[in-house]
Structures are given as C-alpha cells and as structure tokens.
Amino acid sequence: MSEHVVELTVNGQTHLAKVEGRKTLADLLREDCRLTGTHLGCEHGVCGACTVIVDGAAVRSCLMLAVQADGSEVTTIEGIAPGNGELSSVQQAFRECHGLQCGFCTPGFIVSIESFLDANPHPSQEEILENISGNLCRCTGYQGIIKAVSLAIELRDKAAAPPELVDDGGVVRGAV
Amino acid sequence: MSEHQAAGRYVGQSVRRREDLRLITGNGRYVEDVAWPGTLHVAFLRSPVARGKIAQLDVSAAQALDGVIAVYTGKDLNYEVKSWWQTMIGPDAPQPPRRLLAEDDVRWTGEALAMVIATSRYVAEDGVDLIDVDFDTEQAVLTERLGFDGVAADTENLVHPEWGSNVAASLPAGNPLMPESNPALEEIFASAAHVVTETFNQHRYICVPMESRGIIASWDPYREMLEIVAATQSAHEIRSAAGRMLGLNENKIHAVAEDVGGGFGQKMYPTAEELAVIVVTYKLSRPVRWIEDRNENLLAGGHARREDMKLTMATDSSGKILGVKAHHREDVGSFPLPSVGSNASLSAVLLPGPYDFNQYFFSGQAVFTNTNGKCAYRGPWMMESVAREQMVDVVAAEIGMDPLEFRRRNIIQPDQLPYTTATGLVYESVTPHDTLEQAAEMIGYDAFRIEQAAARENGRLLGIGLSMYIEASPGFGILGAEQVNVRVDYGGTVLASTGTGSHGQSVETTIAQVVAENLGVDFADVKLVQGDTATSPFGSGTGGSRTASVFGGAAKEAALLLKQKVLLVAAEMLEADPSDLEMDLGVVSVAGNPEAKVTLEQVAAMAYAGAMMLPEGMEPGLDVTFRIRAPLFMYSNATHAAIVEIDPASGAVKVLRYVVSEDCGNMINPMVVEGQIAGGVVQGIGGVFYENFVYDTDGNPLTTTFLDYLLPTASEVPIIEYGHVITPSPTPGGFKPMGEGGAICSPAALINAVRDALTPFGAKVNSQPLGPQQVVDLMEGN
C-alpha cells in the first residue's frame, strides 16, 4: 500500500510522518506521535472519545484520515491545558464535579466541551445537553459531567488562574 | 457491634480523586497505551453463522501476506489448554466445553475461529480478509425462536453435543441446600384471599464499558517470565487463569491492570480471546497484543440479562404477603462465564429482599443457546429485584392498594431486626423502612398523586414507580477474605497495597482515605498500589460491590494494627506509656504534653535502623498485613422512586425525576458513593428504554454498532437526587456494599412508573425494553 508523507502541527509541535492512505488521524496521533490520551471507543464516529480539535473544529479523529490532516493544526487532550502544569477550565471542573470515573471517555468530553465553550461561552442548559450528548459515558450517568460544564463556564467567566498541578488531597465538600 | 463512625478528617469526606489528574490530562495508561518493542498485533476471524460445521478453512493466503507472522486455527491452539476454570467457582464446577478457537464447528455468530498475528492491526485485518472459510450451516438453537422451554426440550439440536442437553443448570435439582417442594406454600395458595401469578421478561442488554477488552502479553523463555497487562477487574484472576491454561507456575507470571476503562462485570474473568493471546506469546516468545474493537465488543464481549421470572404471590385480605413462588429462566448463550453462567442460585437466595414473609419456593432453569455467552453484569442476579418489585405493584393493583402503602405493610420493620429471611439470610442492620419513607418524602409521593390525577384530566400521562432492594455483596469462597498491606517506609510516608482491580471505582482514593484516617497520617502521605500481582497481596479484584465493605474493612484493621506498632516504637523513643500516645497527621505526641513528640519519619528510622534499641521480642520495621474474614453476605438497602411522562403520540418516555434513598453504612467518600449510584441508575435507564441487543431467529446479531445498540446520552437522563440513611454494618469500618445497587434497583422503578402512567389503558407492562414502539403498542392494546 502506498505511503504518504504528512506534516502537521500537534499541540504546537511539528510532526512529520509517513503513513498509509488508510491510516486514521487517531492512529497517527496515538502511534506516530505517541499521544495516547486520544482514545478509541467505537471507531465509527458515535462515542466521541477520540475527539480532537483540527483547525479550530472539534472532529472525530477515528473518522478522519491522517492524510486529510496534512498541513493542519491539531490540539489533543495533551495540549488542551493553557500551560505546562496547569489545567484548563474544563479539566479543572471535571475534577471538582466528579465528572469522570474510569476516565476512558474523558479526553473526548473535555476536548469537545472546550471547543463548544470557545464557540458559545454562555450556552443554555438545552444547548449544553445537546452538545454533550455527542459523547458517550458509561460510568457517571452524566451527572458530574453536566455539573462540570456549568462550573467550567463560571471558571472561564472568572478567568480564574489555573491551579498548580499538585495533588493536595483537598477536601472539596463537607460530609453528607 | 455497630460502630457509627462520624465523618472524620478523611473518611466521610468528598475528597478529590487521586486518579483524576492523569485521566483528565490524557496521561492515563490503559492497556492500549502500553507499547513494548516488537509487539505483534492480533485480529480474529469470527464466525458469520450461529451454528454449523466448518466445511473449509484455508489460511494459506493470509499466511503468505507480507507482514503476517502467523495464522492459528483451533487445532493449532486448543490442545495447549491444560485446565480452564474460574477461581470463584473452583475446579470442580461444571463448564461448557471450552475452547480458545472454534474447531470443527461454530456455536455462535462471532465465535473466533482463526487468529492472524501481524506487524500491525491493519495488516492483521487484511490477513483475516484473506482467509477462505465455508460452513455447512445448521438451524441455530435460540430462545428467540423456540422460547426458553423449547430450547430446553430440544434434545436433537444441541448447542454443545458434549454436554448432552441444552439445559445448562437447573434448580432445585441437584442442589442439596434447596427443598424440592414446599407443601405449606401450596396450602397457602389454595386458601389465601389473593393469589396472583405473573411473568416478567427481561431482554438482552450488556455491559458496554467504554474501553473494550484488551491484552498485551509477552513470554520471555530466558527469564522464565510471562508478563501480562490486561484490561481486567482482577490481575490475580488473569494470572491464575494463564497459569492453569499453560501449566505454568503462577510465580512465573506477572499480571498488571493499568488504568482500566470500565468493566461492569465483563472484565471479571479472562475470556477465550485474551487467553488465546497468552498462548500465542508463549508459542512465539514475542510480545502479542489484542485490542478489541467496538464491533467485536458488542458482538462478543459477553452478554447479559436475557431472562424471565414467573412469580406467584399470595396475600391475606389486608394485603399482607403470605408466600412467594418463583420460576426463573435464563438464556446463558454458548460459552458463559463463570462456570455455566447461571445466576439462579443467588437470585433464589436474595429474592425475598426487604419483605417479610416466610413461605417460599424457587425453581429455575438456564439454557445454552447459539448466542454469545452470558457474562457477569452489575448485579448479575438482579432479576429477583426486577421481577419482585414489579410483582409488588401488580399485586397492589389487584387488591386495590397503592404500591407505597403495600410496601409499608410488607417490608421488614426496624423492631424485627435481626431478621431471618425465608431463605435463611440474617439481616442485622438494614433499613428498608427508613429508605422507603425518605424516598417517598423526597419525591413528594402524595402530592404527585394529586398532580397525576389532574394531569390525566388534561391527557398527560404521568407515572410514579417505586423499587426497593437489599444489595448483598458475597463474601464466600475466594470473595470472603481480602488483604491490605500497609507499611511506613524509611522516609515516613505510607504505602498500602491490596488486591483490588479498580476500573473506575476510585479505589486509589477511597482506600487511602481509610488508611490515612485510621493510621493518623496526612492523606497526601498515603499511596495505594493495586492491580499488580507483584506488588499487591493475593486478592479477587474489584467486583461484587465489595471494595469498600471488604477491602475497606481490611484497610481499617491493617491501619489500626500499624498504628499500634508505631505507638509502641514511639513509646520507647519518648519514654512514655504507649497508651498515653496519640498520632495525628504523622506526629506522635504524649497526651497532655504536646512538646513531647516524634514524627513518623523518626519513628520509621528507629523501627528500621534502630533495632538494637527496640525492646526484646519486638519485630523491627513498620509493615503490617491484615487479611479480613468477611461474612457470607454483607447487606445494604435502598429505595428508588421515579417519575416519568409518556408522550401519548410517540410513546417516548421521559424520566422527569429520579430519587435514590440508600443506606450503605458509613460512606468513605460521599461524592464517590453518589457517582456509583448515578452510573448504575443510568445503566438501568439505558436498559429499560434504549438498549437492546437483538438476534434474529437465525442467530444473526442486528445491533453491533452504537447506531443500533443505543446507549443513553446526557439528554436522556434526569438530575438524580440522593438521600442517605447511615446505619453502619457490624463489620470493621461499618461500610456496606453499594456499587451494583443502582443497576439492580432502577429497572423495576422505571418499569413501575411506566406501568403506573399507562394505568388508564389497562396495559400489561411486564416486558422490556420500553422503547417508543413498545409503549405505543401497549397503549393500543397490541
């Protein structure tokens, strides 16, 4: 099978890879770039776990070929935080709101929600639900995820300085 | 003795999860992320027919493909299997005639019959496409075509000819603990004021972890070491299974579960494909990995829930339950796990649930079919609750009583504790009364009835459903003894280890909370390692809702033992009586003299390096192990209450409110408890309204993508409301099981709500799923 050279920028870094025409963007990111935070939950475009941002738009990297991303700028979960050792508003909110359990679907949710809130900073509750309905989670029953979106909006509004990347074991709520 | 542990510094607090930082930043390490140099990739050829002889199987073209290293069929691998059983069941339990790959015939659509090993998954799949295979297809044995009894009665067409029958298991036949009949119950049925019989069906719906199955394994013949990383709920179980299969000593196997992306039972026991990968690396002495894709996972990842239950319930004229008779039928598919896949014996014991009655009889039959085998799925025995809670509503309607009032009359009352059920279980600290009243109050039951009547006048279809259960976490056999090791290292920080297999349950956080609290150290100074056979004590993994109740109890005891030791060493250093010492946040001080103190780091230095100065007879070091002996069962309880609205035009059901009142004893981390409840409840919403794994009458699966097998999304779920009743268990820590309850109790609450909403239609709502079409059919009397 013929191979193609693909050059793309991932999380600000240039990557050059030689790929078969059939290789998906997801596999390129995971195998050639070794960015394994992008997860494959269905490989048919329904679950959203593989969502990445390509040239500003959230896409399912399982449905996009690597060659289609030639020349593109890609942001994956590894590049979603504003800086090294920091967390994005959505990452922070997922942690505060117990928006994840097993964590497998989480990168796709976080990338999708970041992209959604960039485009629509003050969505209605209906818009929020509609947006996150594009991703599947099997652990949380979506309860923490729905809360996390609201908190992320608040955090973005406050433009709160992202916290240090430390495990302080902090107690976030009182006893029930 | 119950110990009600008031919320402490850590236990009882919604401490943020340890697991999250890596998972939200894309730095988790799931099996698919593990990369070993030179790893080969696997793709399976799966049977496209449900039953038939393999007429032709030619792999030569695949073998010749560039990049293909090997192609194996059943005859190349199956002979390698020395022994195949599950630890929980033991070596003597019956098993279907297991095989790694189909050989001579195929027994379900999706059964793997050849395995291509190649340099990439892409090439491996190319190889699969080049295999020439043909079948002499035979009529599949299916409950979809023949019904449960029809399959059992078919003696000509057998799923497993070696087994001699399509009946996989039956009760009470052959079970010395169960009576063959109950004449006293039959007498009650002959004379009771009300005797109602009804059958409740459940459809096939399945675990669907977001991460499918997967394994990477590598045999190094020079080091004599088999390394395994797997998406598993129990690293020790896959190590044991690999050892049995290969005839290899377990001490030559190292199995690890890294981050695991959900399981819900499906990853409890190693499956044929995973074991085939282990055999192949043992043959090739090269790393081999198989990552299941979603199509495979839906088709072949273990099925569940296809069963029904016929109940007969008798009450006196006041509505008091006098006795219950149950007959349970299960479709366990072809190669179920564990053993023959039947859950009837647990259903039989647990069926009385929170109700007070003493005459009882249970029978059941499980049948093999030419479908994917049954696996454990979150509360595998849950048909007892699904059927019983619907029956309660049906009987209440029959005698003209509100289902809330009927439950009030029939549940076990606080003054009846300790209570022995008709099946011999002893409840000491359950609170069905409290959770029923709390749930009814939270959902505004009485006000809803008024609202509902008014809505009906306006053509709106509102319904309310209740469901109650007692969740029992098993503590017998291998599930009955779990160990936690806790040690303070030379630097004064704490390393705990245990045999759990967290796959989303937050165990790294919650067990560390228990250790920090009871040892008296900073939570930040406690780290838990688990899911690794080299660093964790032997344990059965995470399943059966036992992590908090059993492992948590062991963690508390181990931490308290270690604290005693710390205080003994510190007493030497402070020249004080150990009983005058207390440790808080890693500092030991003398009561009433806070100036006299030593840090845990200093105590550790003394314990490890100052052995000469320790009293005669004291073992140096700060390293404790405690293996707990769990009771046969540990119990929690809950009441669920749901309000639904049905669109009369489309039949679509919307869940407007969902309330859970539960008593899981002392909560280690309320945030985690609520997260577990929510996940379980939404799996019930999915199961009742959206999810349905369908086979046609030839055994062809029709729902092998997420476009056909519908999971609930955020748009389909209500905000779940929680009420907590806290009644500690009599076991260490006072923790009770709660991981499975959300999925056990929710289906009946939802079905009962639909039944209630459809009361004006006189519809008989005894079957699932309740998708729009089924609901329209019910409204139209079809």
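If you're wondering where the values come from, they're calculated on a predicted model, not measured in any experiment.

K.L.:
I keep staring at the side chain of Arg306 of chain B and nothing clicks. Help me out?
P.N.:
Residue and element names in this part refer to chain B. Looking at the secondary structure, you find Arg306 in the loop between helix H9 (294-300) and strand S13 (307-315). Residue class for Arg306 comes out buried when judged on its relative accessible area of 17%. Not counting the four nearest positions on each side in its chain, Arg306 is found in contact with Thr143, Glu144, Phe148, Gln202, His203, Arg204, Arg329, Glu330 and Asp331.

K.L.:
Quick question: what am I supposed to make of the sheet that holds strand S20 (residues 494-498) of chain B here?
P.N.:
Each strand in a sheet pairs with its neighbour through backbone hydrogen bonds, running either in the same direction (parallel) or in the opposite one (antiparallel). Residues and elements named next belong to chain B. If you walk across this open sheet you meet the 4 strands as S21-S20-S19-S25, and the pairing is mixed. Edge positions in the sheet fall to strand S21 (526-530) and strand S25 (623-629), since each of these pairs with one other strand and no more. When the angles between neighbouring strand axes are averaged without regard to direction, this sheet yields 20°. Examined bridge by bridge, S20 and S21 share 5 bridges and lie parallel to one another. Residue Ser497 lies in a different strand from S21, and its bridge partner there is Val529.

K.L.:
Please clarify how the domain arrangement of chain A should be interpreted in this entry.
P.N.:
Note on interface size: it is often stated as the accessible area lost on association of the parts. All names here are of chain A. Along its sequence, chain A is carved into domain 1 (3-79) and domain 2 (89-158). On a C-alpha basis, the centroid separation for the pair domain 1 and domain 2 is 22 Å. Of the residues lining the interface, 16 residues belong to domain 1; the matching set on domain 2 comes to 13 residues. Roughly 1000 Å² of surface becomes buried between domain 1 and domain 2 when both sides are summed, with 63% attributable to carbon and sulfur atoms. Counting across the interface, domain 1 meets domain 2 through 0 salt bridges. At the level of elements, strand S3 (51-54) and strand S4 (57-60) are the ones that each hand at least two residues to the side of domain 1 that touches domain 2.

K.L.:
Looking at this model, I keep getting lost on the domain arrangement of chain B. Mind explaining?
P.N.:
Residues and elements named next belong to chain B. Looking at the assigned domains, one finds that chain B contains domain 1 (20-27 + 477-629), domain 2 (34-138 + 209-300), domain 3 (143-202 + 305-412) and domain 4 (428-472 + 634-782). Relative placement of domain 2 and domain 3: their C-alpha centres are 35 Å apart. On the domain 3 side, the residues contacting the 23 residues of domain 2 number 23 residues. If you sort the residues of domain 2 by the area they bury against domain 3, Arg51, Arg107 and Phe264 come out on top, with a joint share of 32%. On inspection of domain 2 and its partner domain 3, the count reaches 1 salt bridge. For the salt bridge of Glu162 with Arg107, the shortest nitrogen-to-oxygen distance reads 3.0 Å. Counting every contact that joins domain 2 to domain 3 gives 10 residue pairs in polar contact (both at pLDDT 80 or more). When grouped by side-chain class, the residues that make up the side of domain 2 that touches domain 3 number 13 nonpolar, 5 polar and 5 charged.

K.L.:
Would you take a moment to explain the pairing of strand S27 (residues 653-663) of chain B for this structure?
P.N.:
The side chains of a regular strand alternate, first on one face of the sheet and then on the other. Residues and elements named next belong to chain B. Counting buried positions along S27 gives 8 out of 11 residues, so the element sits mostly inside the fold. Where strand S26 (residues 633-646) meets S27, 10 bridges bridge the pair, whose relative direction is antiparallel. Within S27, the position partnered with Glu645 by the bridge is Lys654. Taken together, S26 and the strand that follows it, S27, pair antiparallel across an intervening segment of 6 residues, in which Gly651 is found at a positive phi of about 80°. Once you follow S27 into helix H18 (residues 670-690) and on to strand S28 (residues 720-724), the crossover reads as right-handed.

The rules behind each value
- Residues numbered from 1 in each chain as written.
- Chains lettered and ligands numbered in written order.
- Predicted model: local features only at pLDDT ≥ 70, side-chain atom pairs only at ≥ 80, totals over all residues.
- Heavy atoms only, no water.
- Helix = DSSP H or I, 4+ residues; strand = E, 2+ residues; numbered from the N terminus.
- Buried < 20%, exposed > 50% of the residue type's maximum accessible area, 1.4 Å probe, protein only.
- Contact = heavy atoms within 4.5 Å.
- Pairing = 2+ DSSP bridges.
- Axes fitted to C-alpha atoms, helices over the stretch in contact; angles between N-to-C directions.
- Domains from an automatic or database assignment.
- Buried area = accessible area lost by both parts, 1.4 Å probe.
- Salt bridge = Lys/Arg side-chain N within 4 Å of Asp/Glu carboxyl O.
- Polar contact = N/O pair within 3.5 Å; in protein donor to acceptor, adjacent residues only side chain to side chain.
- Nonpolar A, V, L, I, M, F, W, Y, C, P; charged D, E, K, R; others polar.
- Right-handed = clockwise from strand over helix to strand, strands pointing away.

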